[in-house]
Amino acid sequence: MGERWDVRRAGARNASHRVLMIPGGMCTTEFYADVMAEPAVAGLGMVAVTQPGFGRTEAPEDVSMEHYARLLAHFAAEAGCDAVVGHSLGANVALEMAALGLFDGPLVLLSPTFSRGDEARFLTVLDAVGRVPVLGGAAWTAMLGLMPRAMRRELPPQRAEALAAVMGGNDPVACRRIVRGYYAYLARYPSLAPRLCGAGVPAWVVRGDRDMIGLTDGERRDLQACPHVRMVTVADAGHLLLVEQPAAVAEIVAEAATASVR
């Protein structure tokens, strides 16, 4: 599938269901290692793939969310995946795969963003500063340099060093481009909740009970009113719920994947 892909596989080789797992921004397949090791998903075929441009992978020329959706939908088809799990930015890519009609299986969306105002304040500020010539590049370089130390406090102690190093090892030029494309995508839609509902696919919207990503009352009402969407809150978890509570996330993934009827 090309040298651009950083792929991690786990689970049953001849599984009835295969799940594509898409990490979030500045994350790699390492962030799914704990979920993939849980007993609840042992019977699934699992394929995690880093979005090109993060980790040590090369970013595509087109870093729009729509292009990422096409790339990952093609990957899912070639890998034989009938369900998709996405975290953070990866959750929005998964949402777009369905909204564009490129994927019709169940989705597990871990802490997606449904509007620009929901996004974390630090990322919004960084994107704005990142657009300033000279200063923008320096800001991204400095942020990635500081990230390993800052992230260790937010991660499980036994995994903190490895995961923080992954995030700090990103290319600031690629991250700056990708995040700019992401904010352009958010600017195109006042809310992505109707877009998800209109896709007509089964979707589990999963958030930690102390997630930094917001959700407006209107978005919550739209999602709760959608017959295809199930809202799930994971206790004692923030934005990185997949590494904070991997067992709970694995249970949700297993439920969604085995509920698919193709």
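So, how was this worked out
Residues numbered from 1 in each chain as written. Predicted model: local features only at pLDDT ≥ 70, side-chain atom pairs only at ≥ 80, totals over all residues. Heavy atoms only, no water. Helix = DSSP H or I, 4+ residues; strand = E, 2+ residues; numbered from the N terminus. Rg over C-alpha atoms; globule rule 2.2 N^0.38 Å. Buried < 20%, exposed > 50% of the residue type's maximum accessible area, 1.4 Å probe, protein only. Contact = heavy atoms within 4.5 Å. Areas by Shrake-Rupley, 256 points an atom, 1.4 Å probe, with all protein chains shown as cover. Pairing = 2+ DSSP bridges. Right-handed = clockwise from strand over helix to strand, strands pointing away. Disulfide = S-S within 2.5 Å. Core = buried A, V, L, I, M, F, W, Y, C linked by side-chain atoms within 4.5 Å. Axes fitted to C-alpha atoms, helices over the stretch in contact; angles between N-to-C directions. Salt bridge = Lys/Arg side-chain N within 4 Å of Asp/Glu carboxyl O.

Caption draft 1: Local environment of the overall build of the protein. A count of helices and strands for the protein gives eleven helices and seven strands. On C-alpha atoms alone, the protein measures out to a radius of gyration of 17 Å, which is about the 18 Å that the 2.2 N^0.38 rule sets for 262 residues. Seen through its C-alpha atoms, the protein measures out along the principal axes to roughly 50 × 40 × 35 Å. Expressed as a percentage of the 262 residues in the protein, the buried residues total 57%. Contacts in the protein between residues far apart in sequence, at least 24 positions, make up 77% of those at least 6 positions apart. Accessible surface, the protein as shown: approximately 11200 Å² in total, 52% of it carbon and sulfur.

Caption draft 2: Representation of the pairing of strand β5 (residues 107-110) within the structure. The side-chain alternation of β5 yields two buried faces, one formed by Leu 107 and Leu 109 and the other by Val 108 and Leu 110. Two elements, strand β4 (residues 83-87) and β5, share four bridges in a ladder whose sense is parallel. Residue pairing for β5: Val 84 is matched across the bridge by Leu 107. A crossover connection joins β4 to the parallel β5 through helix α3 (residues 89-99); in handedness this β-α-β unit is right-handed. Relative to strand β6 (residues 203-208), β5 runs parallel, the two sharing four bridges.

Caption draft 3: A look at the state of the cysteines. Tallied over the full model, the rule gives one disulfide. Paired by a disulfide, Cys 197 and Cys 226 hold their sulfur atoms 2.3 Å apart. Judged by the sign of its S-S torsion, about 100°, the bond between Cys 197 and Cys 226 is right-handed. Taken as a pair, Cys 197 in helix α8 (residues 193-199) and Cys 226 in the loop between α9 (217-225) and β7 (229-234) lie far apart in primary sequence, 29 residues in all. For Cys 226, a relative accessible area of 3% corresponds to the buried category.

Caption draft 4: Local environment of the nonpolar core. Counting 94 residues, the largest nonpolar core has Met 21, Met 97 and Leu 196 as the members making the most contacts within it. It is helix α2 (residues 65-79) that provides the largest number of residues to this core, a total of nine residues. Setting aside its immediate chain neighbours within four residues, Met 97 contacts Ile 22, Ala 69, Leu 72, Ala 73, Ala 76, Val 84, Leu 102 and Phe 103.

Caption draft 5: Region of the structure containing the environment of Pro 23. Here Pro 23 is to be found in the loop between β2 (18-22) and α1 (33-36). For the pair Pro 23 and Tyr 68, spaced 45 residues apart in the sequence, the C-alpha separation amounts to 12 Å.

Caption draft 6: Main features of the sheet that holds strand β3 (residues 45-49). Strand order in the open sheet formed by seven strands is β1-β3-β2-β4-β5-β6-β7, and the pairing between neighbours is mixed. Taken across any chain shown, the strands that pair with only one partner, and hence form the sheet edges, are β1 (7-11) and β7. Going from strand to strand, the sheet's axes swing by 15° on average, the running direction of each strand aside. Seen against the sheet, α2 touches β1, β2 and β3 and runs at an angle of roughly 155° to β2.

Caption draft 7: Representation of the pattern of salt bridges in the model. Scanning the model with the defined rule gives nine salt bridges in all. We note a salt bridge from Asp 34 to Arg 159, for which the minimum N-O separation is 2.9 Å. Of this pair, Asp 34 sits in helix α1 while Arg 159 sits in helix α6 (residues 157-168), and the two are 125 residues apart along the sequence. You can call Arg 159 buried: its relative accessible area is 13%. A salt bridge links Arg 210 to Glu 244, with the nearest nitrogen and oxygen atoms 3.3 Å apart. One end of the pair, Arg 210, is in the loop between β6 and α9; the other, Glu 244, is in helix α10 (residues 241-244), with 34 residues separating them in the sequence. Using a relative accessible area of 47% as the deciding quantity, one classes Arg 210 as partly exposed. Since its relative accessible area comes to 18%, Glu 244 is described here as buried. Each of Arg 8, Glu 30, Asp 34 and Arg 159 takes part in one network of salt bridges that share partners.

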